[in-house]
Amino acid sequence: MKKCFLFFVVLLFFVCISLKTLAQERYQATWESLKKYNTPEWFRDAKFGIFIHWGVYSVPAFGSEWYPRQMYQQGTDEFKHQVATYGPQSKFGYKDFILMFKGEKFNPEQWVTLFKKAGAKYVVPVAEHHDGFAMYKTALSKWNAFEMGPKRDVIGELAAEIRKQGLIFGLSSHRIEHWFFMNGGRKFESDVLDNKYEDFYGPAREESETPSPEFMNDWLLRNAELINNYKPQLFWFDWWIEQPAMDPYRKSFAASYYNKGLEWNKGVVLNYKNISFPDGAAVLDLERGKLAGIRQLPWQTDDAIGNNSWGFADGNTFKDAKYVITNLIDIVSKNGNLLLNIGPRPDGTITDEETQTLLGTGKWLEVNGEAIYGTRPWKVFGEGPTESASGSFADQKKPFTAKDIRFTSKGDILYAIALGVPAMNTSIKLLGIKTGNGKIASVDLVGSSEKLSWSQQADALMIKPIKNYPSENAVVYKINFKK
């Protein structure tokens, strides 16, 4: 009897300890608790994702995805274009583009097949942009793609197809920016002043005004709905969530989302910009920019193939595959990921230019992906004469060359990647004997069985060029060290 009683006491003790451990695993809405977050390995391994800006703004296709704001800003090119093309904003407002946004050729299977061919490992469609039109089925607004426009749950369909094809599904919400986005329409006669459309055009207040508790609660509710209905493994936010008044809402959202990840038994990622979260509490994202060196914590660049607009716009120019590939390598060498954006047409088709860039990127990754996926930074990110762009909104204006080298590692293997196709000897100073970075046992060219001619000299590793390289735009050397 005593033994039985003792058994149950011990069992109860371990149950209590287990429950306490589980309780400790749950995140609280405090920075102290949220800083215990660890970036999941799937994100660190993935390196490359696709961002999708598709919405009503693709219909006017003028300027950029900020057309809904600019068309109400008097004196702008968008304002003039709107009046000249569609008439005064009191007669034809942004809401009237919804009827023209049909998405009749939207094919999730074709989209995701393309993204997979591009070598992407995760996909992040915009669930709601600053314009306030939800691209998903929502109980919180009638202004959504399921009830209007395409009359399809775009996010739901994409989520299902992304998972079906073995990729990770994420999404973004830009809802908080809607607080001020349409405020130009309050300053002259426009449909923004019509009370019938107040639930669409939103508060339309000044950017300098603190968002109301009601609006911030609405932001929280919409995000909770997205999490509960679509279970994204990545949730991306734009810059404006950094407003001081948002502090408790940010913390509440992050704690809830991270706890959902525990409930799903899946690692989740929360992206932020600037100073919205302290280091370690979420994953930093830089818009159209990069870091100058290795960051110990994982980070991400969001960039667009389109140079002028994230959404579809006439006259947009595009980055080619070489730009994407060399900058992806540069970012990965510094412990970052690249989230690369496309902007489909209003009918749901993807431009030829973006398609070619994606396919070109995928062709390179198919040969050289082992030097990207699942890698970690080496002790130094690289060397070479070309200065890397640094910071947000900093395009790599000076192209990289074959003399620019970037390093990644996987276990004991080092990858040295030339950001161009060498026509002359490749000299890697950081692998010279004098550096003490190790004695080299072998150097192989990834994607090729051709034997390389190389020598590790005092000042550099020297690799002679070959006639035929297995891929364009960048060349990967796989290096093993003597033990």
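Refer to the structure printed above.
Sequence order sets the numbering: in each chain, residues are counted from 1 along the sequence as written. A pLDDT threshold of at least 70 governs which residues receive local features in this predicted model, and a stricter bar of 80 or more applies before side-chain atom pairs are shown or counted, although totals over entire chains, interfaces and linings include all residues. Hydrogens are left out, water is left out, and the side-chain values use all remaining heavy atoms of the structure.

K.L.:
Sorry, what's going on with the overall build of the protein chain here?
P.N.:
For the purposes of this entry, the term helix denotes a DSSP run of H or I that reaches at least four residues, the term strand denotes a run of E that reaches at least two, and both are numbered from the N terminus. Scanning the protein chain from N- to C-terminus turns up 13 helices and 16 strands. The reference for a compact globule is 2.2 Å times residues^0.38; the radius of gyration itself is calculated from the C-alpha atoms. Taking 483 residues into account, the globule formula puts the C-alpha radius of gyration at 23 Å, and the protein chain, at 25 Å, falls close to it. When the backbone C-alpha atoms are referred to their principal axes, the protein chain occupies close to 85 × 75 × 40 Å. Relative accessibility under 20% of the residue-type maximum defines a buried residue, over 50% an exposed one, and the middle range a partly exposed one, all with a 1.4 Å probe and only protein chains included. In the protein chain, which comprises 483 residues, the share counted as buried stands at 57%. In what follows, a contact means two residues having at least one pair of non-hydrogen atoms within 4.5 Å. Across the protein chain, every contact between residues at least 6 apart in sequence was considered, and the portion connecting residues at least 24 apart equals 71%. We treat Lys and Arg as the positive residues and Asp and Glu as the negative residues; His and chain ends play no part in the count. Lysine's charge is taken at NZ, arginine's at CZ, aspartate's at CG and glutamate's at CD. Placing the 59 positive and 55 negative side-chain charges of the protein chain at their respective mean positions leaves the two points 8 Å apart.

K.L.:
What is the right way to read unusual backbone geometry from this model?
P.N.:
Apart from glycine, the bulk of residues carry a negative phi angle, and the bulk of peptide bonds sit in the trans form. Positive phi is not limited to glycine here, since phenylalanine 393 has a value of about 50°. You can see phenylalanine 393 is positioned in the loop between strand S9 (382-383) and strand S10 (405-410).

K.L.:
Honestly, the environment of aspartate 459 in this entry has me stumped. Any pointers?
P.N.:
Examined against the element boundaries, aspartate 459 turns out to sit in the loop between strand S14 (454-456) and strand S15 (461-463). Looking at aspartate 459, the relative accessible area reads 53%, which means it is exposed. When the C-alpha atoms of aspartate 459 and lysine 434 are compared, they prove to be 6.2 Å apart, with 25 residues separating the residues in sequence. Aside from chain neighbours lying at most four places away, what touches aspartate 459 is Lys429, Gly432 and Lys434. Polar contacts, as counted here, are pairs of nitrogen or oxygen atoms within 3.5 Å of one another; within protein the pair requires one atom able to donate a hydrogen and one able to accept it, and residues that are adjacent in sequence qualify only if both atoms are side-chain atoms. A polar side-chain atom of aspartate 459 sits 3.5 Å from a polar atom in the side chain of lysine 434.

K.L.:
I keep staring at the nonpolar core and nothing clicks. Help me out?
P.N.:
The nonpolar side chains of soluble globular proteins are, as a tendency, buried together. Take the buried Ala, Val, Leu, Ile, Met, Phe, Trp, Tyr and Cys residues and link them wherever side-chain atoms come within 4.5 Å; each set so joined is a nonpolar core. With 121 residues, the main nonpolar core has Tyr94, Tyr258 and Leu270 as its most contacted residues. In this structure, tyrosine 258 is in contact with Tyr27, Leu34, Tyr37, Val268, Leu270, Ala281 and Ala282, ignoring residues within four places of it in sequence.

K.L.:
I tried to follow the pattern of salt bridges on my own but got confused; where do I start?
P.N.:
Opposite charge on two side chains permits pairing when their charged atoms draw close. Salt bridges are identified by distance alone: a Lys or Arg side-chain nitrogen within 4 Å of an Asp or Glu carboxyl oxygen. Within this structure, the stated rule accounts for 26 salt bridges. Linking arginine 288 and aspartate 303 is a salt bridge whose minimum nitrogen-to-oxygen distance equals 3.5 Å. Of the two residues, arginine 288 sits in the loop between strand S6 (283-287) and strand S7 (299-304) while aspartate 303 sits in strand S7, which places them 15 residues apart along the sequence. Across the pair, exposure class does not vary: arginine 288 and aspartate 303 are buried alike. Here aspartate 330 makes a salt bridge to lysine 290, at a shortest N to O gap of 2.7 Å. Of this pair, aspartate 330 sits in helix H12 (residues 321-333) while lysine 290 sits in the loop between S6 and S7; the two residues are 40 residues apart in sequence, bridging distant segments of the chain. Take aspartate 330: its relative accessible area is 0%, and that puts it in the buried class. Sharing partners across several salt bridges, the network here consists of Glu128, Arg175, Asp218 and Arg222.

K.L.:
Would you explain helix H10 (residues 213-230) in this entry?
P.N.:
Along an α-helix, residues three or four apart share an orientation, since each turn contains 3.6 residues. Each helix should span, by expectation, one fewer than its residue count multiplied by 1.5 Å. Compared with an ideal rise of 1.5 Å per residue, which puts 18 residues at 26 Å, H10 spans 26 Å between its outermost C-alpha atoms and is within 8% of the ideal. For H10, the full list of buried residues reads Phe215, Met216, Asp218, Trp219, Arg222, Asn223, Glu225, Leu226, Ile227 and Tyr230. Buried-residue contacts for H10 involve strand S2 (122-128), helix H7 (154-164), strand S3 (168-173), helix H8 (178-181), strand S4 (234-237) and helix H11 (247-264). Within two residues after H10, lysine 231 carries a phi angle of roughly 50°, on the positive side.

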